[in-house]
Amino acid sequence: MRSNEAFKYLKDEVTQWRRHLHRIPELDYDLYDTAAFVAAKLRSFGIDHIEEGVAKTGIIALVEGSGASGETIGLRADMDALPIVEQSSKPWASTHYGKMHGCGHDGHMAMLLGAAKHLATTRNFKGRVALIFQPAEEGALGGLWMVQDGIMDRYNISSVFGLHNEPGMAVGDYGTCYGPFMAALDEFDLIVKGKGGHAAEPHRCIDPIVITAHVLLGLQTLVSRGTDPLESLVVSVTKLSAGAAYNIIPEHVTVSGTVRTLSSELRDFAQRQIDSTAQRIAAAFGGSTELRYRRQDPVTFNSTIQTELALKAARAAVESAAVNDKLAPVMGSEDFAYMLEARPGCYMFLGNGSTAALHNPAYDFNDDAIPYGIAYWVNLVETVLST
């Protein structure tokens, strides 16, 4: 295994790739130019087995080791951009108005391509590496689609690993934790039903807006009074829709929001209690409710053995003090969780320095992080698939 210094020879070239990808952001599954660039680079490295069109525009590329036969591990990078107007003012800023790589997926692809070039040259491992380039991470369930496309079974992948940049962490720092690392994501629409009528005669109505006000306060007690304070639950109402006139009390109000949890038990509790709490409050006022609840990403769960291997790979790249194995879990979600449901693995954060936050119009991936990302991937492969 090698420190990050050993991979600085790739930095300038990989930076060029990253900035090219940054200029051509594409959304969700419509990643035709992005995928074509990635596939062309992989072919230029002498990688023979490249499957394109997985989950529409995803790519799987296999790198065979020079050692004895062994297992296959998966390394995943996400490819899609965000529907944001970029304000970074960088020379390599987006040329596609209203789209930008505001989460660093351009950097993730570039670092995995840099590792692929090195691994395809040295092949200092046994078994195989499956390079997974995934579409539609930003809310369109690309990770789930790739799993449902059968990539884990088709390539006999035994474990899978992901890497994501983290603004606010110093460049060269790594961080993760054992067990739940990122939250499950659920979304809901709650319809509060009453009886509409003239605003001058509220006594003849059942006002769903008043009911909704009490429901909103009641939902907050799920966290403050219904949940162990040592557990993590977020219930956020983010949208309200009601009425169309000043003088009419509407028939119903639609309340929408998101729920984040770090355990399946708390996830079940939240769904059950949102429904029952809203029903009871509405019934007290003579109204009723209807809940539409959608489970999205599961918990991103780091398995013990794979997390130990990931930490070993990171500590080979930098001083041990720069690797945090007790990073606090994050209440954001990540659809890499679907791959971790299918196979054991680990999700790791890599410092992006003092840049703008993710999903911010001024964000840009920090190219100084590139050698650290490549070192991590190469060290991980040579650790898990040691000859």
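J.: Tell me about the pattern of salt bridges, and name the residues and values.
T.: In total, this model carries 25 salt bridges according to the counting rule given. With its nearest N and O atoms 3.3 Å apart, the salt bridge here joins arginine 315 to aspartate 325. Separated by ten residues along the polypeptide, arginine 315 in helix α8 (residues 304-317) and aspartate 325 in the loop between β15 (323-324) and α9 (337-342) bring together distant segments of the chain. In this structure, aspartate 325 engages lysine 326 in a salt bridge whose closest nitrogen and oxygen atoms are separated by 3.5 Å.

J.: With reference to specific residues and values, describe unusual backbone geometry.
T.: The phi dihedral of leucine 141 is positive, around 65°, even though this residue is not glycine. Along the chain, leucine 141 turns up in the loop between β4 (128-134) and α4 (142-148). Accessibility expressed as a relative area gives 22% for leucine 141, which makes it partly exposed. Not every positive phi belongs to a glycine, and histidine 359 is a case in point at roughly 70°. Inspection of the secondary structure puts histidine 359 in the loop between β16 (345-351) and α10 (370-384). A relative accessible area of 41% means that histidine 359 is categorised as partly exposed.

J.: An account of the nonpolar core is needed here, citing residue identities and associated values.
T.: Leu42, Ile47, Leu75, Leu131, Phe133, Tyr174 and Tyr376 are the most contacted members of the largest nonpolar core, which has 62 residues in total. Sort the elements by how many residues they give to this core and α10 lands first, with ten residues. For isoleucine 47, the contacting residues outside a window of four places in its chain are Leu42, Ala61, Leu62, Val63, Ala116, Ala120 and Leu131. Core analysis: the second largest hydrophobic core is formed by 22 residues, Ala130, Met146, Met169 and Met182 among them.

What counts as what
Residues numbered from 1 in each chain as written. Predicted model: local features only at pLDDT ≥ 70, side-chain atom pairs only at ≥ 80, totals over all residues. Heavy atoms only, no water. Salt bridge = Lys/Arg side-chain N within 4 Å of Asp/Glu carboxyl O. Helix = DSSP H or I, 4+ residues; strand = E, 2+ residues; numbered from the N terminus. Buried < 20%, exposed > 50% of the residue type's maximum accessible area, 1.4 Å probe, protein only. Core = buried A, V, L, I, M, F, W, Y, C linked by side-chain atoms within 4.5 Å. Contact = heavy atoms within 4.5 Å.

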